[in-house]
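# Tertiary structure, described
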Amino acid sequence: MDRRQFLRDVFLWSAGISLAIPRFNILPEALAAEKPQALLGLATGEDYAALVARVLTPLGGMASFVRPGDKVVVKPNIGWDRSPEQAANTHPLVVRALVVQALEAGAAKVKVFDRTCNEQRRCYANSGIESAIRELDDDRAVIEHIDPRKFVPVNISRGKSLSEWEIYKDVLECDCYINVPVAKHHGLSGLTLGLKNSMGVIGGNRGSLHHNLGQNLADLATVIRPKLTVVDATRILLRSGPQGGNVKDVKRLDTLIASPDPVAADAYATTLFALQPDTIDSTVAAYNLGLGEMDLAKIQVVSA
Amino acid sequence: MALKRTPIPASLWRRIGQAVSFAFFLFLFIKTDYSGSDELTWAVNLLFRIDPFLALSAMLAVKALVALMLPAVITVVLTLVFGRFFCGWICPLGSLIDLSRHILTPVRNNLEPGKRQAKYFLLIFLLAASLFGLPLAGYLDPFSMLVRGLTFSLQPALDHAATSFFTLTYRHGPEWLNLLTEPVYALLKEYVLPFASKVYAMSVFSLVLLLAILGLVWLESRFFCRKICPLGALLALFSRFSLLRLHGGSTACGKCRHCHTVCRMAAIDDQRAIATAECILCLDCLAQCPQGRIHYGWRKGGAAEQPTDLSRRAVLASLSAGVLAPLVLPTRPLARHADPLLIRPPGALAEDEFLGRCVRCGECMKVCIGNALHSTWLEAGIEGIFSPRLVSRIGYCEYNCTLCGQVCPTGAISELTREEKHAAVIGRAYFDKNRCLPYSDGIPCIVCEEHCPTPDKAIKFRQAEVLNSRGEKISLLQPYVIAELCIGCGICENRCPLAGAAAVLVTAEGESRHAGRSQGTGY
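Because the structure is predicted, anything quoted here is derived from the model rather than measured. (Residues numbered from 1 in each chain as written. Chains lettered and ligands numbered in written order. Predicted model: local features only at pLDDT ≥ 70, side-chain atom pairs only at ≥ 80, totals over all residues.)

### What about the overall build of chain B?
The condition that has to hold: Elements are defined by DSSP. Helices are runs of H or I of four residues or more, strands are runs of E of two residues or more, and each kind is numbered from the N terminus. By definition, residue pairs are in contact when their C-beta atoms, positioned from the backbone, come within 7 Å.
Helix and strand counts for chain B come out as 23 helices and eight strands. Viewed in the frame of its principal axes, chain B has a C-alpha envelope of about 100 × 70 × 40 Å. Put simply, of all contacts in chain B between residues at least 6 apart along the chain, 76% involve residues at least 24 apart.

If you want it as structure tokens, here you go:
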């Protein structure tokens, strides 16, 4: 082998290194964005489409979150192969109404997806969410299955427990990420609310996050920043969460909570279960990281 | 202006028939998948249900009529009328074998019938063995071998190759390239590739078997069909009596023996007599006869026929082999203790009847939405190879899914309603407390409890005070199993976040198909 051949080989073989997946960094300025306003909309009613519009009114309507031409992600909980009345997934009518609101505010594209726990197609079909979006028959509103190629490693510079995790590219690149959890019981974390719902946009071995779940969720919340959180409490699962399966464990509340502050939304939703916000580890950890307000006295609740 | 019409040669018709059948087979294969509703509309099991060899074997094994397999009668009736057209026109493996002849040219011109009786002896052995408790029919059935090869290795391999390629273009290709490649990938995902990437136990082995069958073409054209295929042998026995058949040349042909030379089955001897049992109606001879002497028509008495040359001695020998071989089975330890890790799909019949009916078609494993069902190797004995078992660490049984029972062509896995499925116990979970984090290391976890699908969870937890690895006293939740609630679906084992073996494991203990029967001889 001569020198020329050697160099040629080195270049050839090292080409693989330059093909490694690029790491995603979120700029510190974006992370340090001003603390969201601890303003919270609260509404009750049986017409869920109207309810979505009402709960957003105190926050200035969808127009204060979605600008014309925006790429929007609406992230419901579609985690389980359960029907809407079993209250394990976000209610399809709530999801659809949010998509419609975003489209009316001028969104260029609204994507709906979740990384499910049960088999994806069954969850999408039986949650009723897939057909609810398809029935809109609007090219701008799409419900897609997770594409594993789209998970990119993200540095979590402010994390106390996590330093890096894979996050779904569409969430990182969209203009407006709307988190739509269903409020329900969860064996380990007590309740699953907005912060826990964001586990549906991350890759990797999610089970391993359960070792220090509260802090891990808060760490993820430093890089997964919803502009709007809408907590679906139209019906809540009181026991045997997060999957449920027995309608006797479900309580109908016909309530929605909306806030630009993800911590405040979770904190207030906790009270629907007759619990205090400080009983939920992820809420406390996120509050300590300065991601939002958990003191009920400091959250401005506006009933609409 | 009158166009001169050339008639389509008969062998071209046959090729068109093969292509249409094969395309329909592939369509059914792709459709053997969840389609957004709990009920399947199409499945490859149609093909298996018209297979008289598998039908006969399953019925002999369980000594009962298997209603699901009655469509096989159609094949028999058609064969009695038209002859062994099934092998030449319909069989997808036969078509692939014909296709591989264009790649692998046979080393010698195989005009001699050779040991073509072997397939009859194999057929007799397999059927007798089925009757006496050693069901092996699915090992050599052409459809079973083909579907296993496609399901376990070819389709997943295609998926992995395509996904790797399109991941490369997606991550590193320029925008204009993705405008071209992404729609192609989307189309493939929609119509060709499996929905999610899958892995299968014994994938390489199944592929090697399939390729070996195709590769035998190198020795002789249609080697498998001539000498091995037990389905072909059964159809041959019927086609001897077929009403319609090919009638060959005669002494009037002089020195011409073209038909003898072109026959891929070596069914035409050098006296131009056609062995109807061996003739698969490929119609090459008919199309190529220079004098046009060969024709397809009603059976005539007195025409020259070749004997099937089955000696009584050989028939009796293969029959006795089939009768005697099963006698050795009760001498295995397996007769007393089933493998505790052998977990059968929900709805599977009791083990003997299950294996008797199971034709190893791989359909349940193809359709399994959780990629949970895999080929058994020797865990169920020599007669259990390729039968389905649940391997929870690879995939779990989806709580509301009933697809495996829907595709099973013989009812080895019975079709369950959703309620029946929820009540079907296929095994039970237990905790390995030496590895389970809340027990072994004082680390909170309970992912298993989160995923446990029964409405009244079979995995519950209790608050416990433990010392963690730093010697600090902490309070956490420790999971445990309530045996009466556990159905053995394996999602806990599947989702256990530990690397390597899970800390919660499923065994076949308590499976409802053997309810009331104690395992082993015991005390």
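### A short note on the overall build of chain A
Condition: Note on method: radius of gyration uses C-alpha positions; expected globular size equals 2.2 Å times residues raised to 0.38. In this scheme the burial state of a residue depends on its C-beta neighbours within 10 Å: 20 or more other such atoms mean buried, 12 or fewer mean exposed, and anything in between means partly exposed; the C-beta positions come from the backbone.
When helices and strands are tallied, chain A shows eleven helices and twelve strands. Relative to its length of 304 residues, chain A is compact, with a C-alpha radius of gyration of 20 Å against a globular reference of 19 Å. Its C-alpha atoms give chain A principal-axis dimensions of about 80 × 45 × 40 Å. Sorting the 304 residues of chain A into buried and exposed places 53% on the buried side. Of the contacts formed within chain A by residues at least 6 apart in sequence, a portion of 74% connects residues at least 24 apart.

### Overview of the interface of chain A and chain B
Note the cut-off: Polar here means any residue other than Ala, Val, Leu, Ile, Met, Phe, Trp, Tyr, Cys and Pro, which are nonpolar, and Asp, Glu, Lys and Arg, which are charged; Gly is therefore polar.
Facing the 23 residues of chain A at the interface are 29 residues of chain B. A per-class count over the side of chain A that touches chain B returns six nonpolar, twelve polar and five charged.

### Some words on helix α9 (residues 213-221) of chain A
Of all nine residues that make up α9 of chain A, nine are buried, and the element is covered over most of its length. Where α9 of chain A is buried, its residues contact β6 (164-168), α8 (194-197), α10 (262-270) and α11 (281-288) of chain A.

### Considerations on the nonpolar core
Short version of the rule: What we call a nonpolar core is a set of buried Ala, Val, Leu, Ile, Met, Phe, Trp, Tyr and Cys residues whose membership is set by joining through C-beta atoms within 7 Å.
Among the nonpolar cores identified, the biggest contains 225 residues, and Val-72, Val-74, Leu-98, Ala-102, Ile-178 and Leu-256 of chain A together with Val-504 of chain B are the most heavily contacted of them. Excluding residues that lie within four positions of it along the chain, Ile-178 of chain A makes contacts with Val-72, Val-73, Val-74, Lys-75, Leu-98, Pro-226, Lys-227, Leu-228 and Val-230 of chain A.

### Some thoughts on the environment of Cys-176 of chain A
Residue and element names in this part refer to chain A. Note that Cys-176 resides in strand β7 (residues 176-180). According to the C-beta neighbour criterion, Cys-176 is buried, with 20 such atoms within 10 Å. A sequence separation of 105 residues divides Cys-176 from Lys-71, and the C-alpha atoms of the two residues are 6.6 Å apart. If we ignore the near neighbours within four places in the chain, the residues touching Cys-176 are Phe-65, Val-66, Asp-70, Val-72 and Lys-227.

### Some details on the pairing of β7 of chain A
Residue and element names in this part refer to chain A. Where we set the bar: In this description, strands pair whenever DSSP reports at least two bridges between them.
A large share of β7 lies buried, amounting to five of its five residues. Neither face of β7 is exposed, since Cys-176, Ile-178 and Val-180 on one face and Tyr-177 and Asn-179 on the opposite face are all buried. As paired elements, strand β2 (residues 71-76) and β7 share five bridges and run parallel to each other. Across the sheet, the residue bridging to Val-73 is Tyr-177, located in β7. Taken together, the two bridges between β7 and strand β10 (residues 228-237) define a ladder with parallel strand orientation. Directly across from Ile-178, in β10, lies its bridge partner Leu-228.

### Quick word on helix α7 (residues 118-131) of chain B
Residues and elements named next belong to chain B. The criterion, for reference: One fewer than the residue count of a helix, multiplied by 1.5 Å, yields its expected span.
Over its 14 residues, α7 runs 20 Å from end to end, which matches the ideal 20 Å to within 8%, given 1.5 Å per residue. A large share of α7 lies buried, amounting to twelve of its 14 residues. Within the span of α7, buried status applies to Lys-119, Tyr-120, Phe-121, Leu-123, Ile-124, Phe-125, Leu-126, Leu-127, Ala-128, Ala-129, Ser-130 and Leu-131. Looking at the packing, one finds that the buried side of α7 touches α3 (52-62), α8 (137-140), α12 (223-228), α13 (230-239), α16 (312-324) and α17 (351-357). Of the residues flanking the end of α7, it is Gly-133, one or two places downstream, whose phi is positive at about 105 degrees.

### Observations concerning the environment of Ile-103 of chain B
Considering the arrangement of structural elements, one finds Ile-103 of chain B in the loop between α6 (92-101) and α7. With 73 residues separating them along the chain, Ile-103 of chain B and Ile-30 of chain B place their C-alpha atoms 26 Å apart.

### A closer look at the confidence of the model for chain B
We apply this condition: pLDDT gives the predictor's per-residue confidence on a scale running from 0 to 100.
In this model, chain B carries a mean pLDDT of 92, and residues with pLDDT of at least 70 account for 95%. Under a pLDDT of 50 for its full length, residues 518-522 of chain B has, in the predicted model, five contacts with residues more than four places off or in other chains.

### Comments concerning unusual backbone geometry
Residues and elements named next belong to chain A. A cis geometry characterises the amide bond from Gly-241 onward to Pro-242, with omega recorded as 0 degrees. Note on placement: Pro-242 falls in the loop between β10 and β11 (250-259). Its identity is not glycine, yet Asp-254 carries a phi of approximately 55 degrees, on the positive side. Phi is positive for Ala-274, close to 60 degrees, though the residue is something other than glycine. Along the polypeptide, Ala-274 turns up in the loop between α10 and α11.

### What to know about the environment of Ile-382 of chain B
Within the secondary structure, Ile-382 of chain B sits in the loop between β3 (373-375) and β4 (388-390). In the structure, Ile-382 of chain B is positioned 371 residues away from Ser-11 of chain B in sequence and 42 Å away in space, judged by C-alpha atoms.

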